[in-house]
Amino acid sequence: MSERLKPEPLPRRDFLGLAGLWSAAVAIGGSLIGMSRLPKPSVLPEAGRRFRIGRPEDFPDGTEEILTAEKVLVRSGPQGIAAISLVCTHLGCIVSRESAGFGCPCHGSAFGQNGEVGGGPAPRGLRWLEVSRGVDGRLVVDADREVAPGTWCQV
Amino acid sequence: MATSGTQGLRENLRDLPRNFRDSMIRHEPPVSDRSRSQAVFTNLFLHIHSTRTHVRTLSASATFGLGVAALSFFAILTGTGIALMVYYTPSTDLAYQSIKDLHYVVPTGRLIRNIHRWGAHLMVLAVMLHMCRVFYTASYKAPREFNWVAGMGLFILTLALSFTGYLLPWDQLAYWAVTIGANIAASPRELTDALGITEVFDPGGFQKELLLGASEVGQQALTRFYLLHVIVLPLALAVLLGVHFWRIRKDGGLGHPGQTHNAAGKGVEETEAKRPDAEPQKSYGLMAIVGGTSSATDDEPGTTVPSWPFALRAELLVFMACTLICVALGMAFDAPLKEIANPGVPENPAKAPWYFLGLQEMVSYSAFMGGLVVPAVTVLGLALIPYLDREPEEAGVYLGGARSPRVAWQSALFGFVLSVAAVAVPVNFGWLRSWFPDVSQLVVIFVNPGSLLMAAYAAWSLGVLARTGSTRKSAIALFTCFVVGFLVLTVVATFFRGPNWEFHWSQATWPAH
Ligand code: HEM
Ligand code: FES
């Protein structure tokens, strides 16, 4: 009872004005937050990063081959076959094969024969990628699937 | 009636040009001080000036015209940029070819492209020098703190504009510089990987994806960079420029000796023009007495001059000089265009534009520290300067205050020796990994020449604070160290880094390939 008789703390006009202002602000802010979801793609546009590299016979035991377009080195040995990514783990340049292992032209990272860090700014060794055999019998490398370094895939 | 009707129409037609002009222009012909001031006062584009300008702020050494130069380059870039957009096509298949067309086929295309490229370099240079002049004249002090922060925003936007523009030609230089830049955005992974939490918390990957719209630099990235470069960033820059200029005006014009501010540090209100310490502002009273070299609102007579012609003339002069430099450089030197982007073969060495080379040098120790943490801390530190150093000091005097020049020289020397050491030690003796091959990645991230250099500069600045008890001198120490360090790293990365980022005294000793 006494509560109701008290003078309004906030004049009615001010209250309505503020309410209008805040609902407008919330509406605009809410829409903007909703829209900010837009630039983050939910599906990456690349058509998948699996690629066929050839038949097992193309990679005889004890050889290695650099596939420039795919940016991998395919190495084949008695234990199986392995694909080492040639993308430098520092900032993404393409490393080149050197006698001691791999070297990066951009900031001089050095990697050993199996891609382990040997020097320079690279925070980790080169990625080893999964190799599998496709339905048509050809080998498939999946650049999105990393395996532990030293893993030879049996195909 | 009919005759007088046609008569009237004929008169209206005859007077149309004059009436149209009178309706468009609100002031009298600019033939006297009074009508020119009226023009400055009533014209939308001119009224960013007050009607009168303090003479001290017009002397060449007060500003070296650097802010106006930055603005001029921005205007030149906008004009030439629109011209380039006529032909440029933001598609990975066509971009390179359209630049080639611009360069070799389109009439005047090559010159316009060259001017755009030179203008971009010069704008970055002008903004950096402008920032130095504002700093060393203590012009960031109250009431101008916020305008310094707005200026930092402009600085970042300027760099972002030039970074996004760099990708557009889609040549080797562009592709690899942006690949590296995007991976710097992803470099928090260095830390999250070392801690083993990337699976659950991956801010680096998020940033990279936002920037590229994909996991590699491709069409999505080109679209995004184009959008940022031609619409988002220039608009943001233009709006922020408006704020910047508005604040100059509201903060009482450019800082100059003899200027006083009220305790709250607020700029001079228009209606307060009659306050004894107020700078002359536009006011109706002022309009009537605007002739001559002084105005009644000015406490020291003879210190202000009409903005038209004095300030406008100076600005026009700077603009013309900037245009001339751009055109001359554009005629003499072609903007580079390498081979078309090849994602399989990096440029060697792949160098960013000069103003990012200092960063690239630090990135070659650790991408995360050198590429993100050091720049972020630097930008934050710069932005906070006016709030950390609030000592009153007269604005507009270079290194005013006893012993400030000495602090600056000592800091320059300190900054030089340490930054040279930060390059020389790793070049000659290697770094942690060469000494302790099994050292933990976390140590490599945090203990590297770049972060040590930053820490040493901070320590030096705190030392100056302890020694002199002056936050201004401490700020001078820090700022000077950073400027010198930036210069040294930039020079090293520009001239002394060759293939594989190896150190070479001259390009002649680069291995042939
Ligand atoms: C796009 C970049 C920029 C443009 C076009 C620009 C333009 C200008 C102009 C025309 C002036 C008038 C005085 C002069 O010419 O020196 C000015 C003053 C000023 N600028 Fe900038 N500026 C830019 C960036 C910056 C940056 C990076 C900072 C510092 C972080 C900054 C801080 C200031 C301050 C504090 C003033 C007032 C100085 C005084 O009162 O003496 N500006 N700016
Ligand atoms: S990208 Fe390989 S060392 Fe930097």
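Residues numbered from 1 in each chain as written. Chains lettered and ligands numbered in written order. Predicted model: local features only at pLDDT ≥ 70, side-chain atom pairs only at ≥ 80, totals over all residues. Heavy atoms only, no water.

Some points on the overall build of chain A
Logical step 1: In terms of helices and strands, chain A carries 2 helices and 10 strands.
Logical step 2: By its C-alpha atoms, chain A is 95 × 40 × 30 Å across when sized along the principal axes.
Logical step 3: Taken across its 155 residues, chain A has 36% of its residues classed as buried.
Logical step 4: The long-range share in chain A, meaning contacts at least 24 apart out of those at least 6 apart in sequence, stands at 35%.
Logical step 5: Total accessible area on chain A is roughly 9,100 Å²; 59% of this is exposed by carbon and sulfur atoms. (Helix = DSSP H or I, 4+ residues; strand = E, 2+ residues; numbered from the N terminus. Buried < 20%, exposed > 50% of the residue type's maximum accessible area, 1.4 Å probe, protein only. Contact = heavy atoms within 4.5 Å. Areas by Shrake-Rupley, 256 points an atom, 1.4 Å probe, with all protein chains shown as cover.)

Looking at the state of the cysteines
Logical step 1: Taken as a whole, this structure holds 1 disulfide over all chains when the rule is applied.
Logical step 2: The partner cysteine of A:Cys93 in its disulfide is A:Cys106, sulfur to sulfur 1.8 Å. Where A:Cys93 bonds to A:Cys106 through sulfur, the torsion about that S-S bond is close to -85°, and the disulfide is left-handed. Here A:Cys93, found in the loop between β4 (80–85) and β5 (96–98), pairs with A:Cys106, found in the loop between β6 (101–103) and β7 (110–111); they are 13 residues apart in sequence, far enough to count as distant. Of the two residues, A:Cys93 and A:Cys106, both sit in the buried class.
Logical step 3: Of all cysteine sulfurs in the structure, the one in B:Cys322 sits closest to B:Cys326, which takes part in no disulfide; the separation is 6.9 Å.
Logical step 4: The buried category is assigned to B:Cys326, whose relative accessible area is 1%. (Disulfide = S-S within 2.5 Å.)

A word on the packing of aromatic side chains
Logical step 1: Taken as a whole and assessed by the stated rule, the structure comprises 24 aromatic pairs over all chains.
Logical step 2: Aromatic pair B:Tyr457 and B:Phe482: ring centres 5.6 Å apart, planes at 80°, arrangement edge-to-face. Pair noted here: B:Tyr457 is in helix α19 (residues 449–468) and B:Phe482 is in helix α20 (residues 471–495), with a separation of 25 residues, a long-range link.
Logical step 3: In this structure an aromatic cluster arises from ring pairing among B:Phe135, B:Tyr136, B:Tyr140, B:Trp148 and B:Phe479.
Logical step 4: A cation over an aromatic ring shows up here: A:Arg97 above the ring of A:Phe102, its NZ or CZ 4.9 Å from the ring centre.
Logical step 5: Sitting over the ring of B:Phe135, B:Arg472 keeps its end group 4.9 Å from the ring centre. (Phe/Tyr/Trp six-rings, centres within 6.5 Å; stacked < 30°, edge-to-face > 60°. Lys NZ or Arg CZ within 6 Å of the ring centre and 35° of its normal.)

Description of the interface of chain B and chain A
Logical step 1: Each partner contributes to the interface: chain B provides 33 residues, whereas chain A provides 27 residues.
Logical step 2: If you sort the residues of chain B by the area they bury against chain A, B:Glu209, B:Arg433 and B:Asn500 come out on top, with a joint share of 21%.
Logical step 3: Counting across the interface, chain B meets chain A through 2 salt bridges.
Logical step 4: Across the salt bridge formed by B:Glu209 and A:Lys40, the nearest N and O atoms sit 2.6 Å from each other.
Logical step 5: Elements represented by at least two residues in the side of chain B that touches chain A include exactly α8 (172–185), α9 (188–195), α10 (203–212), α11 (219–250) and α14 (354–363) of chain B.
Logical step 6: Per-element accounting of the side of chain B that touches chain A gives the leading share, 5 residues, to α8(B).
Logical step 7: Of the residues in the side of chain B that touches chain A, the class split is 14 nonpolar, 12 polar and 7 charged. (Buried area = accessible area lost by both parts, 1.4 Å probe. Salt bridge = Lys/Arg side-chain N within 4 Å of Asp/Glu carboxyl O. Nonpolar A, V, L, I, M, F, W, Y, C, P; charged D, E, K, R; others polar.)

Observations concerning the site of ligand 1
Residues and elements named next belong to chain B.
Logical step 1: Lining the immediate environment of ligand 1, one finds 26 residues, of which His130, Arg133, Arg144, Gly151 and His244 sit closest.
Logical step 2: The contact in question runs from an oxygen atom of ligand 1 to an N or O atom on the side chain of arginine 133, over 3.0 Å.
Logical step 3: Separating an oxygen atom of ligand 1 from a side-chain N or O atom of serine 139 is a distance of 3.3 Å.
Logical step 4: The set of elements that each furnish at least two residues to the shell around ligand 1 consists of α4 (66–85), α6 (109–136), α7 (145–167) and α11.
Logical step 5: Of all the elements, α7 adds the most residues to the shell around ligand 1, at 7 residues.
Logical step 6: Of the residues assigned to the shell around ligand 1, the class counts are 15 nonpolar, 9 polar and 2 charged. (Near = heavy atom within 4 Å. Polar contact = N/O pair within 3.5 Å; in protein donor to acceptor, adjacent residues only side chain to side chain.)

Section: the coordination of the iron atom of ligand 1
All names here are of chain B.
Logical step 1: Protein coordination at the iron atom of ligand 1 comes from His130 (NE2) and His244 (NE2), with a distance range of 2.1 Å.
Logical step 2: Coordination at the iron atom of ligand 1 comes from 6 donor atoms whose angles at the metal span 84 to 178°, giving a geometry best classed as octahedral. Note that histidine 130 is positioned in helix α6 and histidine 244 in helix α11, a separation of 114 residues in sequence.
Logical step 3: For histidine 244, a relative accessible area of 11% translates into the label buried. (Donors = N, O, S within 2.8 Å, 3.2 Å for Na, K, Ca; no water. Tetrahedral: all angles 85-135°; square planar, octahedral: opposite > 155°, others 65-115°.)

Examining a nonpolar patch on the surface
Residues and elements named next belong to chain A.
Logical step 1: A surface patch of nonpolar side chains, amounting to about 750 Å² of accessible area, comprises Leu10, Phe15, Leu16, Leu18, Leu21, Trp22 and Val26.
Logical step 2: Its location among the elements puts tryptophan 22 in helix α2 (residues 12–35).
Logical step 3: Given the relative accessible area of 58%, tryptophan 22 is considered exposed. (Patch = residues over 30% accessible without salt bridge, like charges linked within 9 Å, V, L, I, M, F, W, Y side chains within 5 Å.)

Considerations on the sheet that holds strand β2 (residues 64–67) of chain A
Sheets are built from strands that pair by backbone hydrogen bonding, the pairs being arranged parallel or antiparallel.
Residue and element names in this part refer to chain A.
Logical step 1: What the 6 strands build is an open sheet, ordered β1-β10-β9-β4-β3-β2; its pairing is antiparallel. Taken across any chain shown, the strands that pair with only one partner, and hence form the sheet edges, are β1 (50–54) and β2. Taking the axes of each pair of neighbouring strands and ignoring which way they run, one obtains an average angle of 30° across the sheet.
Logical step 2: Pairing between β1 and strand β10 (residues 139–147): 4 bridges, direction antiparallel. Of the residues in β10, the one forming a bridge with glycine 54 is leucine 139. (Pairing = 2+ DSSP bridges. Axes fitted to C-alpha atoms, helices over the stretch in contact; angles between N-to-C directions.)

Focus: the pairing of β10(A)
Residues and elements named next belong to chain A.
Logical step 1: Where strand β9 (residues 128–133) meets β10, 6 bridges bridge the pair, whose relative direction is antiparallel. Each bridged residue has a counterpart across the sheet, and for valine 131 the counterpart in β10 is valine 141.
Logical step 2: In this structure, the hairpin formed by β9 and β10 is closed by a connection of 5 residues, where glycine 137 is found at a positive phi of approximately 90°.

A word on the confidence of the model for chain B
Reading predicted coordinates in detail is not appropriate for stretches of low pLDDT.
All names here are of chain B.
Logical step 1: Of the residues in chain B, 91% reach a pLDDT of 70 or more, and the chain-wide mean stands at 87.
Logical step 2: Confidence drops under a pLDDT of 50 for residues 262–299, and excluding neighbours within four residues, the segment shows 67 contacts in the predicted structure.
Logical step 3: Reported confidences for the modelled complex are a pTM of 0.88 and an ipTM of 0.84. (pLDDT = per-residue confidence, 0-100.)

Thoughts on the side chain of B:Ser35
Residue and element names in this part refer to chain B.
Logical step 1: Along the polypeptide, serine 35 turns up in helix α2 (residues 33–42).
Logical step 2: On the basis of relative accessibility, which here comes to 1%, the residue serine 35 falls in the buried class.
Logical step 3: A distance of 3.1 Å separates the side chain of serine 35 from the side chain of serine 32, its partner in a polar contact.
Logical step 4: With near-sequence residues (within four places) excluded, serine 35 lies in contact with His27, Glu28, Pro29 and Pro30.

Some points on the sheet that holds β6(A)
Residue and element names in this part refer to chain A.
Logical step 1: A sheet is described by the order of its strands in space; here 4 strands give the open sequence β5-β6-β7-β8, paired in antiparallel fashion. The open sheet terminates on both sides in strands that have one partner only, identified here as β5 and β8 (117–119).
Logical step 2: As defined by bridge partners, β7 adjoins β8 across 2 bridges and the pair is classed as antiparallel. The partner of alanine 110 across the bridge, within β8, is glycine 119.

Some points on helix α15 (residues 367–388) of chain B
Residues and elements named next belong to chain B.
Logical step 1: For α15, built from 22 residues, the straight-helix expectation of 32 Å at 1.5 Å per residue is met to within 8% by its first-to-last C-alpha distance of 29 Å.
Logical step 2: Along α15, the sharpest change in direction is near 30° and occurs at leucine 382; proline proline 386 comes one to four residues later.
Logical step 3: Restricting attention to buried positions, one finds in α15 the residues Ala367, Phe368, Met369, Gly370, Gly371, Val374, Pro375, Leu382, Ala383, Ile385 and Pro386. (Expected span 1.5 Å × (residues − 1). Bend = angle between axes of the 7 residues up to and from the residue.)

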